[in-house]
Amino acid sequence: MITRRRFIAQTGLALAATGAGCRTRSTLEVKTMNARTRERPLIISTWPFGKPANERALAVVRSGGSGLDAVVEGIGVAESDLSNNSVGAGGLPNAAGVVQLDACIMAGPGHRAGSVAGLEGIEHPIAVARRVMEKTRHVMLVGAGARQFALDEGFPETDLNTEAAQAKWREWKAKQGEAEGHDTITLLVLMPDGNLFGGCSTSGLAYKLPGRVGDSPIIGGGLYVDNDVGAAGATGIGENVMRYCGSFQVVDLMRRGATPEEACAETVLRIARKDPKGIDLGIYFLALDTKGRYGAAGVGKGFDYAVAYPGYSEVLHSLALSDTNVKVVGGHVE
Ligand code: GLY
């Protein structure tokens, strides 16, 4: 069991050990919120674009939809938003100029999961991930197989290579510039009956190598749901999350007594303790638990995340775990 006192002690140790050229905040400077609500459903998601996604998910539940409907339709809002350069139809292409999308979904009841990676020409990978979970004996489909499955299931083929995305890709190719930052949507739902659901969808790193898969479709990496404990998800540099089973670690810390916020912070700091890059990792987590507690934490100045429940829908700021603006590129390659 991690008591609050032990969490602080461990964090203090972590802070002392994460040098790597920038100062991490002392535990005394970190203002914890440890927020909680008794309202249901409780829905949280990454970044300000999570707010309309949460509101859609809330409306779905209120009109009798299931937790899975809420995840798919909520995330679907971000996937259809062409102004969003890192999720769904507006996503930026890979180095070959092709948009490849990743997504996964988990249902607490039955501990079920579905996932797609490197999916081309389909606007809603989160809906395809659900279909993988519900209609196959498998968890994950990738590339051409995932696309064929989606087409066989009746998903419409969509040209995701928008003129705007192609123009940005041509500009990047001319300059062979650095990768851009990207903001995955991860959305977690605690339903009125206590069941938990989650999903994650992204176009991944802009201008990534063709075939590159990040943390977002990896169960335990970009998302993890345990119906007895809570749910967690990630955004940021997938390579720095998936090497550490980041979302699984968050849920496991909650299992051992940490609040969602503490578990997110401790996971970031554990990874920073271990990683040669220290805190400069571009990783961010959010989580909620079966008691209706929720929170988030990230490197650098943290990140914004959206919270909604009946009568409430806001964008909040996570715990921020260092005093620098970390770089948006990373992975394990220097
Ligand atoms: N977190 C999304 C990715 O790195 O692909």
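Quantities reported herein were computed from a predicted structural model and do not represent experimental measurements.

Turning our attention to the confidence of the model for the chain. Summarising the model, the chain shows a mean pLDDT of 89, and 86% of its residues fall at 70 or more. No element of the chain has a lower mean pLDDT than helix H1 (residues 4-17), which averages 43, and none a higher one than strand S8 (residues 223-226), which averages 99. Note on residues 328-334: pLDDT under 50 across the span, and 20 contacts to partners over four residues away in sequence or across chains.

Between the first and last C-alpha of helix H3 (residues 67-80) there are 20 Å, a value that for 14 residues agrees with the 20 Å anticipated at 1.5 Å per step. Counting buried positions over the 14 residues of H3 gives 10, a clear majority of the element. Listed as buried for H3 are Gly-67, Leu-68, Ala-70, Val-71, Val-72, Gly-74, Ile-75, Gly-76, Ala-78 and Glu-79. The inward-facing, buried residues of H3 abut helix H2 (50-62), strand S3 (101-107), strand S4 (112-119), helix H4 (125-135), strand S6 (185-190) and strand S7 (196-202).

Here the focus is the state of the cysteines. Summed over all chains, the structure comprises zero disulfides. Distance from the sulfur of Cys-104, which forms no disulfide, to the nearest cysteine sulfur (Cys-200) is 5.1 Å. Among the residues examined, Cys-104 registers a relative accessible area of 0% and is labelled buried. A relative accessible area of 0% means that Cys-200 is categorised as buried.

Among the nonpolar cores identified, the biggest contains 88 residues, and Phe-285, Leu-288 and Tyr-294 are the most heavily contacted of them. Counting six residues, the second largest nonpolar core, distinct from the first, contains Ala-165, Trp-169, Trp-172 and Ala-206.

Right, let's talk about the pairing of S7 for a bit. Of all seven residues in S7, seven are buried, a share of seventy percent or more. Burial along S7 is two-sided: the residues Leu-196, Gly-198, Cys-200 and Thr-202 and Phe-197, Gly-199 and Ser-201 are all buried. Bridge count between S3 and S7: six bridges; the pairing is antiparallel. Its bridge partner lying in S7, Met-106 is registered against Gly-198. Bridge count between S6 and S7: six bridges; the pairing is antiparallel. Bridging across to S7, Val-189 finds its partner in Phe-197. Counting the residues that bridge the hairpin from S6 to S7 gives five residues, and of these Gly-194 lies at a positive phi of roughly 90°.

Let us now look at the site of the ligand. The environment of the ligand is made up of His-182, Thr-184, Gly-204, Arg-212, Gly-214, Asp-215, Ser-216, Gly-236, Ile-237 and Gly-238. Gly-236 has a polar backbone atom sitting 2.7 Å from a nitrogen atom of the ligand. Surface burial for the ligand is 100%, taken as the share of its 200 Å² of free accessible area covered by protein chains.

Another point: unusual backbone geometry. Residue Pro-41 is bonded to the preceding Arg-40 through a cis peptide linkage, with omega at 0°. Among the structural elements, Pro-41 can be located in the loop between strand S1 (35-36) and strand S2 (42-46). For Trp-47, which is not glycine, the phi torsion reads 70° and is therefore positive. Its location among the elements puts Trp-47 in the loop between S2 and H2. Here His-111, not a glycine, exhibits a phi torsion of approximately 50°, which is positive.

Across the interface, H4 lies against helix H5 (residues 143-152) with an axial gap of 10 Å and an inter-helix angle of 85°. Looking at the two axes, H4 sits roughly perpendicular to H5. Contacts from Val-128, Arg-131 and Val-132 of H4 reach H5 at Ala-146, Phe-149 and Ala-150. Here the residues of the contact of H4 with H5 sort into five nonpolar, no polar and one charged.

Okay, H4 next. Within H4, eight of the 11 residues are buried, which leaves the element mostly enclosed by the surrounding structure. The complete set of buried residues in H4 reads Pro-125, Ile-126, Ala-127, Val-128, Ala-129, Arg-130, Val-132 and Met-133. Its buried side turned inward, H4 meets H3, S3, S4, strand S5 (140-142), H5 and S7.

Each value, and the rule that gives it
- Residues numbered from 1 in each chain as written.
- Predicted model: local features only at pLDDT ≥ 70, side-chain atom pairs only at ≥ 80, totals over all residues.
- Heavy atoms only, no water.
- pLDDT = per-residue confidence, 0-100.
- Helix = DSSP H or I, 4+ residues; strand = E, 2+ residues; numbered from the N terminus.
- Contact = heavy atoms within 4.5 Å.
- Expected span 1.5 Å × (residues − 1).
- Buried < 20%, exposed > 50% of the residue type's maximum accessible area, 1.4 Å probe, protein only.
- Disulfide = S-S within 2.5 Å.
- Core = buried A, V, L, I, M, F, W, Y, C linked by side-chain atoms within 4.5 Å.
- Pairing = 2+ DSSP bridges.
- Near = heavy atom within 4 Å.
- Polar contact = N/O pair within 3.5 Å; in protein donor to acceptor, adjacent residues only side chain to side chain.
- Areas by Shrake-Rupley, 256 points an atom, 1.4 Å probe, with all protein chains shown as cover.
- Axes fitted to C-alpha atoms, helices over the stretch in contact; angles between N-to-C directions.
- Parallel < 35°, antiparallel > 145°, perpendicular 65-115°, else oblique.
- Nonpolar A, V, L, I, M, F, W, Y, C, P; charged D, E, K, R; others polar.

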